[in-house]
Each structure stands twice: as structure tokens, then as C-alpha cells.
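One letter stands for each residue in the lines below.
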Amino acid sequence: ATAAAAEQYHSAASLEEELRRLAEARPDIAELKEIGRSIEGRPILALRIGDRRGGVPKLLFMGCHHAREWIAVEVPFLLVKELVERADEAPIAGWLGSGEIWVAPMVNPDGHEHSRTEARLWRKNRRRNADGSFGVDPNRNYGYMWGTLDIPTSSHVPSDETYVGPRAFSEPETQAVRDLVGCERFAGVITYHSYSQLILYPWGYTEKPIPDLQHREQMVAMAGEMHDLIEAVHGKIYVPQPSSELYPTAGDTTDWTYGTYGIPSFTIELRPRTFEEGGFVLPADQIMPTWEENRPAAFRFIEQLLAAPVG
Ligand code: 0X9
Ligand code: ZN
């Protein structure tokens, strides 16, 4: 049943049900948290797993800032599912004993629902803008270098696909992440997107390298390791590079988590590699292989940052 179930994309409702089931199965290590509510009132959920002592290193995995990137829900969901279901086995038991892992697989539930039922290629959230158009781009709404003028793909025109919003953190979806990250002091962040098969690290807003050499070397090394681990599974190449090398943007998630808090942060663009391979519309039979190849990279990230948090 589990393998078959994994070959379908979740809705916001079915994801909630499964996260609830996981939390109920292991109340000793897992807790379902509502970190906020979307514009249309859907809960933005995170499963918090691990040690409850406090003062331990914590990691955050997120998915689906962008509505149409359905695979970016499934990878963090399958991660937290495995962490809960195999919580008593090595190496997971050790991780959960020494740290905390938070997983929010669907940051933009309204947009996802709109993509699922109305417009498959919807990207933004479902804010009704002042000009009557819909949607702010959640991955342009974060408060580090927000709205900087003359940066491409970061628009001040509400109807555009990359509308930054009227001000930083104007949206309940990004407010939820802001408030969580402000409270929990994470030692590492991964945010999943699709598509292009990339492992991106700051900066996104400028082509200048981040000034702190130690942080830079750490993120470059980790991105390189994740690339190797991913390739070893099914031979897929996920290219490691600074976010701005893809294209510069202002106000994305990892510029804020790194720029404001110094947290080692990665944006992972999942399958497929190209538009010709389906672009945002990835067949459901690709869910498991995409998870399989990302699993060791996520595990390595956990192992490194829970053992030796930096910052
Ligand atoms: O444009 C985005 O928000 C991300 N790509 S996507 O196709 N998933 O929309 C990339 C964000 C990475 N940051 C920068 N390129 N600055
Ligand atoms: Zn995206």
C-alpha cells in the first residue's frame, strides 16, 4: 500500500491527513504544528520530530512555495515519513536523540489547490491584489534585499508571475516561515522547488560571492557532496551553483535564511532537468525515483548539521 500511495501526488487535504497519521502513530517523537494559515484559511503544517529537550540543533525542510511544483511536496513528505516510520533504527534514532527536524512540505497550500483543480501551471499564492489580479510570489516576498529595483524576475507589477508583493512578508505564507525561523534558530535549511535539477546556495540577489569565506566553503562543499550522492543513485546530475547564476532574484527564501540568520541554506530544484522532459508537469511515476536520489543527500545534510552545527 505504501509504494502505491507514493505514486500519486498529494492534495493539501490528503497531505494533512497523512501528516496527522504520522504524528498520531508516534506522539513520543512527532508533533504536528500549524505554523500559520494561508490567505484562504488552509493550515500551513509542519511536522516537528525529535528530541524535546530544547537547546538542540534543529533543521528545516520546506516544500512547495510554488503551486505547480508538485514534486516539491512529495520529497519532503517522503523524507519525514521515513524519519517517523524508521525512528527507532540507525542512523535516524541517533539524529532524533540529538536534534530536531522540522518539515513543512506545502508552504503554499492555496496555490497548490488552485494548480490541482483550476490551473495546472499556477505559481503564486492566492492573494487578491489591489489591481484585481491574483497572487504574490512567495519566493520573492522574504525580507532580505526584498523588492530591490532592477533585479530581474522580481516584479512590482501585481499581475506578473514573480510579483514581490506590496512589502516584505506581506503574505501569511511567508509570515509563517518568518515566525518559525525567528523562534527556532535552525542550523540548516533546505527548500525544495522544481524543475531543472540544481542545488542552489546564496546569494540569489547578487552575483557577488557571500563574504564569509568559511560559510562559502561550507555551502560549496555541501552542495558538491549532495551532487555526488544524487548522481550515485540514478545517474541524474543536479548542478551545484550560486542561485544568482540561474538568474538573480530579490527576496527569495535562502537569501533571507542565510542573509538574516547565517543559516547554511539550499534551494534544491528537483526533476525533471528540462522543459522537454515535462517541466513542471512531472509524471507521478517519477515521484519515487526523485525521492530515492534525494534521500542520501537529505540524510547527509542532516548528519552533517545535526552533528556539527555552524553559526
Ligand atoms: O525563481 C525561483 O523562485 C526559483 N526557481 S523556480 O523555477 N522553482 O521558480 C529559483 C530561486 C533561486 N534563487 C535565485 N535564482 N535567485
Ligand atoms: Zn519554485
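See the structure shown above.
Residues numbered from 1 in each chain as written. Chains lettered and ligands numbered in written order. Predicted model: local features only at pLDDT ≥ 70, side-chain atom pairs only at ≥ 80, totals over all residues. Heavy atoms only, no water.

(A) Structural detail: the overall build of the protein. A count of helical and extended segments in the protein gives 10 helices and 8 strands. Relative to the 2.2 N^0.38 estimate, which gives 19 Å for 311 residues, the radius of gyration of the protein is 18 Å and therefore close to what a compact globule would have. Scored against the burial criterion, the 311 residues of the protein give a buried share of 59%. In the protein, the share of contacts with a sequence separation of at least 24, taken over all contacts with a separation of at least 6, comes to 78%. (Helix = DSSP H or I, 4+ residues; strand = E, 2+ residues; numbered from the N terminus. Rg over C-alpha atoms; globule rule 2.2 N^0.38 Å. Buried < 20%, exposed > 50% of the residue type's maximum accessible area, 1.4 Å probe, protein only. Contact = heavy atoms within 4.5 Å.)

(B) Inspection of the site of ligand 1 at higher detail. Taken together, 15 residues sit near ligand 1, with Arg 123, Arg 140, Tyr 247, Asp 252 and Glu 269 positioned nearest. For ligand 1, whose free accessible area comes to 420 Å², the fraction covered by protein is 97%. Put simply, the parts of the chain that give the shell around ligand 1 at least two residues each are β5 (188–194) and α8 (243–246). Of the residues that constitute the shell around ligand 1, the class distribution is 3 nonpolar, 7 polar and 5 charged. (Near = heavy atom within 4 Å. Areas by Shrake-Rupley, 256 points an atom, 1.4 Å probe, with all protein chains shown as cover. Nonpolar A, V, L, I, M, F, W, Y, C, P; charged D, E, K, R; others polar.)

(C) Highlighting the sheet that holds strand β7 (residues 239–242). Strands sit in the order β1-β2-β4-β3-β5-β8-β6-β7 across an open sheet of 8 strands; the sheet is mixed. The two strands at the open ends of the sheet, each matched to only one other strand, are β1 (30–37) and β7. Each strand of the sheet is rotated relative to its neighbour by a mean of 20°, with strand direction disregarded. Examined bridge by bridge, β5 and strand β8 (residues 265–270) share 6 bridges and lie parallel to one another. Across the sheet, the residue bridging to His 193 is Glu 269, located in β8. Across the face of the sheet, helix α9 (residues 253–261) comes into contact with β3 (58–63), β5 and β8 while running at roughly 165° to β8. (Pairing = 2+ DSSP bridges. Axes fitted to C-alpha atoms, helices over the stretch in contact; angles between N-to-C directions.)

(D) Broad picture of the packing of helix α2 (residues 12–25) against helix α3 (residues 71–85). Between α2 and α3, whose axes approach to 10 Å, the crossing angle comes to 15°. Judged on the interaxial angle alone, α3 and α2 are roughly parallel. Of the two possible hands of crossing, α2 and α3 adopt the one that is left-handed. In contact with Leu 15, Glu 18, Leu 19 and Leu 22 of α2, α3 contributes Val 73, Phe 77, Val 80, Lys 81, Val 84 and Glu 85. When the residues that make up the contact of α2 with α3 are grouped by side-chain class, the tally is 7 nonpolar, no polar and 3 charged. (Parallel < 35°, antiparallel > 145°, perpendicular 65-115°, else oblique. Left-handed = near helix turned anticlockwise from the far one by under 90°.)

(E) Geometry of the coordination of the zinc ion (ligand 2). Distances from the zinc ion (ligand 2) to its protein donors, namely His 66 (ND1), Glu 69 (OE), Glu 69 (OE) and His 193 (ND1), fall within the range 2.0 to 2.3 Å. Sequence positions of the residues that donate to the zinc ion (ligand 2) give the spacing H-x2-E-x123-H. Of this pair, His 66 sits in the loop between β3 and α3 while His 193 sits in strand β5, and the two are 127 residues apart along the sequence. Residue His 193 is classed as buried on the basis of its relative accessible area of 1%. (Donors = N, O, S within 2.8 Å, 3.2 Å for Na, K, Ca; no water.)

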